[in-house]
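The chain contents come next:
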Amino acid sequence: MACKVTGTAFITGAGSGIGKTTALNFARHGITSLALLDINLAQLENTRNELHIAFPHVEVEVLHVDVTDEASVDGAIEMAVSRFGRIDIAVHSAGISGTPTKTHELHLSEWQKVIDINQTGLWLSQRGVVRQMLTQESRGVREGRGVIVNLSSMYGVAAPPGSFGIVPYTAAKHAVVAITKLDAKTYAKEGIRINAICPGYVDSPLIHAAIESGGLNSEFEKTPMGRPASLDEIADSILFLASPMSSYMCGSALVVDGGYTV
């Protein structure tokens, strides 16, 4: 069976980084309808333009959404379904790293900002998508009523060096794995399959400057493969989790970190 996806995909954080690359990869591998969400509308428009040039047959709905706002998330899901009829695949990739600060120096406002986006925002997105998928007809044993892929991190299954000071990020990414596992058990019998992906260091806009400056060289020395992942490598792993190729995976936290956490 080829690693192919079909139907409509719903992607948060699609304006840049992993979300954007996943949208392009899905279009390359069979998706014909894309609902793309981000708080940065200009970046979303750039994603849509790239898709239009490379895959003119793919329908794209761009939705300006704040994932921390319940009404904004629910409204986006309603608009996506109004246009495309259903949501077959959802990828929840909206997130921020926050400002590195050790716990004793961290302000509550900074903690709350990261938790609101990375944890609560993901949960709001998942809740809305699950509600929609429960109303849909199954597309068969391997595709079911829908598939969800949540973006966690290798720091969702392990802790970073203490000097990093990314406590809220680490807490939220651990929570993403927990949400994934519990909801996967809850909805598997309803034909909804939920897994998480846990990337290691990725050469994305988030850390590209640090990579170029050599600021992460010591971390790559701890990585058996000795380098960061490309965005395409993570998007390919998401494609696998979203496709029928992974149809017997349920509640998994797929670590794609070049061996860092081994």
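Residues numbered from 1 in each chain as written. Predicted model: local features only at pLDDT ≥ 70, side-chain atom pairs only at ≥ 80, totals over all residues. Heavy atoms only, no water.

A.B. asks: Is there a simple way to think about the overall build of the protein in this case?
C.D. replies: If you tally the helices and strands in the protein, you get eight helices and seven strands. Here the protein has a C-alpha radius of gyration of 18 Å; the compact-globule value for 262 residues is 18 Å, and the two agree. Considering only C-alpha atoms, the protein reaches an extent of 50 × 35 × 35 Å along its principal axes. Taking all 262 residues of the protein together, 52% fall into the buried category. Excluding contacts between residues fewer than 6 apart, the proportion of contacts in the protein whose partners are at least 24 apart in sequence is 74%. Counting every atom, the protein has about 11,800 Å² of accessible surface; 55% of that belongs to carbon and sulfur. When the 20 basic and 26 acidic side-chain charges of the protein are each reduced to a single mean position, those positions are 7 Å apart. (Helix = DSSP H or I, 4+ residues; strand = E, 2+ residues; numbered from the N terminus. Rg over C-alpha atoms; globule rule 2.2 N^0.38 Å. Buried < 20%, exposed > 50% of the residue type's maximum accessible area, 1.4 Å probe, protein only. Contact = heavy atoms within 4.5 Å. Areas by Shrake-Rupley, 256 points an atom, 1.4 Å probe, with all protein chains shown as cover. Lys, Arg positive; Asp, Glu negative; His and termini not counted. Charge placed at Lys NZ, Arg CZ, Asp CG, Glu CD.)

A.B. asks: Just checking my understanding: could you explain the sheet that holds strand E2 (residues 33-38) for this structure?
C.D. replies: The strands making up a sheet are joined through hydrogen bonds of the backbone, oriented either antiparallel or parallel. Spatial ordering of the open sheet is given by E3-E2-E1-E4-E5-E6-E7, a layout of seven strands whose pairing is parallel. Strands with a single pairing partner mark the edges of an open sheet, and in this sheet they are strand E3 (59-64) and strand E7 (253-256). Between one strand and the next, the sheet's axes are offset by a mean angle of 15°, whatever the strand orientation. The sheet contact formed by strand E6 (residues 192-199) and E7 spans four bridges and is parallel. When the bridges of E7 are listed, Cys198 appears paired with Val255. On the sheet, helix H2 (residues 41-54) packs against E2 and E3 and is oriented at approximately 175° with respect to E3. Here helix H4 (residues 108-133) sits on the sheet and contacts strand E1 (8-12), strand E4 (89-92), strand E5 (146-151) and E6; the angle it forms with E5, its principal contact strand, is near 175°. (Pairing = 2+ DSSP bridges. Axes fitted to C-alpha atoms, helices over the stretch in contact; angles between N-to-C directions.)

A.B. asks: Which parts of the structure should I look at to understand the nonpolar core?
C.D. replies: One recurring pattern in soluble globular proteins is that nonpolar side chains are buried together. Ile11, Phe26, Leu34, Leu36, Leu51, Ile89 and Ile238 are the most contacted members of the largest nonpolar core, which totals 31 residues. Secondary structure elements with two or more residues in this core: E1, helix H1 (17-28), E2, H2, E3, E4, E5 and helix H8 (231-242). The biggest single contributor to this core is H8, with six residues. Leaving out residues up to four positions away in the same chain, Ile238 has contacts with Ile18, Thr22, Phe26, Val91, Val149 and Ile197. Core analysis: the second largest hydrophobic core is formed by 24 residues, Ala76, Val81, Ala90 and Val129 among them. (Core = buried A, V, L, I, M, F, W, Y, C linked by side-chain atoms within 4.5 Å.)

A.B. asks: Looking at this structure, I do not really get the state of the cysteines. What am I missing?
C.D. replies: Should the sulfur atoms of two cysteines be covalently bonded, the bond is a disulfide. Counted according to the given criterion, the structure contains zero disulfides. Free cysteine Cys250: the closest other cysteine sulfur is in Cys198, separated by 15 Å. (Disulfide = S-S within 2.5 Å.)

A.B. asks: I keep staring at H1 and nothing clicks. Help me out?
C.D. replies: Since the α-helix turns once every 3.6 residues, residues separated by three or four places project in the same direction. Here H1 contains 12 residues, and its C-alpha end-to-end distance of 17 Å stays within 8% of the 16 Å for a straight helix at 1.5 Å per residue. Of all 12 residues that make up H1, 11 are buried, and the element is covered over most of its length. Among all positions of H1, only Gly17, Ile18, Gly19, Lys20, Thr21, Thr22, Ala23, Leu24, Asn25, Phe26 and Ala27 are buried. Within two residues after H1, Gly30 carries a phi angle of roughly 125°, on the positive side. (Expected span 1.5 Å × (residues − 1).)

A.B. asks: Before we go on, may I ask you to explain the pairing of E1 in this structure?
C.D. replies: For a regular strand, the rule is simple: side chains alternate between the two faces of the sheet. The buried count for E1 comes to five of five residues, which makes it a mostly enclosed element. Taking every second residue as pointing to the same face, both faces of E1 are buried, with Thr8, Phe10 and Thr12 on one and Ala9 and Ile11 on the other. Chirality of the crossover, the property in question, places the unit of E1, H1 and E2 among those that are right-handed. (Right-handed = clockwise from strand over helix to strand, strands pointing away.)

A.B. asks: Explain the environment of Gln132 to me, please; I cannot follow it from the model alone.
C.D. replies: With respect to the helices, strands and loops of the structure, Gln132 is situated in helix H4. Through-space distance from the C-alpha of Gln132 to that of Ile31 is 19 Å; in sequence the pair is 101 residues apart. In this structure, Gln132 is in contact with Ile77, Val81, Gly85, Arg86 and Ile87, ignoring residues within four places of it in sequence. Within polar-contact distance, the side chain of Gln132 engages the side chain of Gln136 at 3.0 Å. (Polar contact = N/O pair within 3.5 Å; in protein donor to acceptor, adjacent residues only side chain to side chain.)

A.B. asks: Honestly, the packing of helix H3 (residues 70-84) against H4 in this entry has me stumped. Any pointers?
C.D. replies: Think of two packed helices as two axes; the pair is described by the angle between the axes and how far apart they sit. Running from amino to carboxyl end, H3 crosses H4 at an angle of 35°, the nearest separation of the two axes being 9 Å. In this structure, H3 crosses over H4, and the sense of that crossing is right-handed. Counted together, Glu70, Val73, Asp74, Ile77 and Val81 of H3 and Leu124, Ser125, Arg127, Gly128, Val129 and Gln132 of H4 form the full contact between these two elements. Residue classes in the contact of H3 with H4 are distributed as five nonpolar, three polar and three charged. (Left-handed = near helix turned anticlockwise from the far one by under 90°. Nonpolar A, V, L, I, M, F, W, Y, C, P; charged D, E, K, R; others polar.)

A.B. asks: Before we go on, may I ask you to explain the packing of aromatic side chains in this structure?
C.D. replies: Two numbers describe a pair of aromatic rings. These are the distance of the centres and the angle of the planes. Taken as a whole and assessed by the stated rule, the structure comprises four aromatic pairs. Seen from their ring centres, Tyr155 and Tyr260 are 6.4 Å apart, and the 85° between their planes marks the pair as edge-to-face. Placement of the pair is Tyr155 in the loop between E5 and helix H5 (167-187) and Tyr260 in the segment after E7, with a sequence separation of 105 residues. Across this residue pair, the class does not change: Tyr155 and Tyr260 are buried. Taken together, a centroid distance of 5.9 Å and an interplanar angle of 90° make the contact between Tyr201 and Phe220 edge-to-face. Taken together, the positions of Tyr201 in the loop between E6 and helix H6 (208-213) and Phe220 in helix H7 (residues 217-221) put the pair 19 residues apart, joining distant regions of the chain. Both residues of the pair, Tyr201 and Phe220, count as buried. Chaining the aromatic ring pairs together yields one cluster made of Tyr155, Tyr201, Phe220 and Tyr260. (Phe/Tyr/Trp six-rings, centres within 6.5 Å; stacked < 30°, edge-to-face > 60°.)

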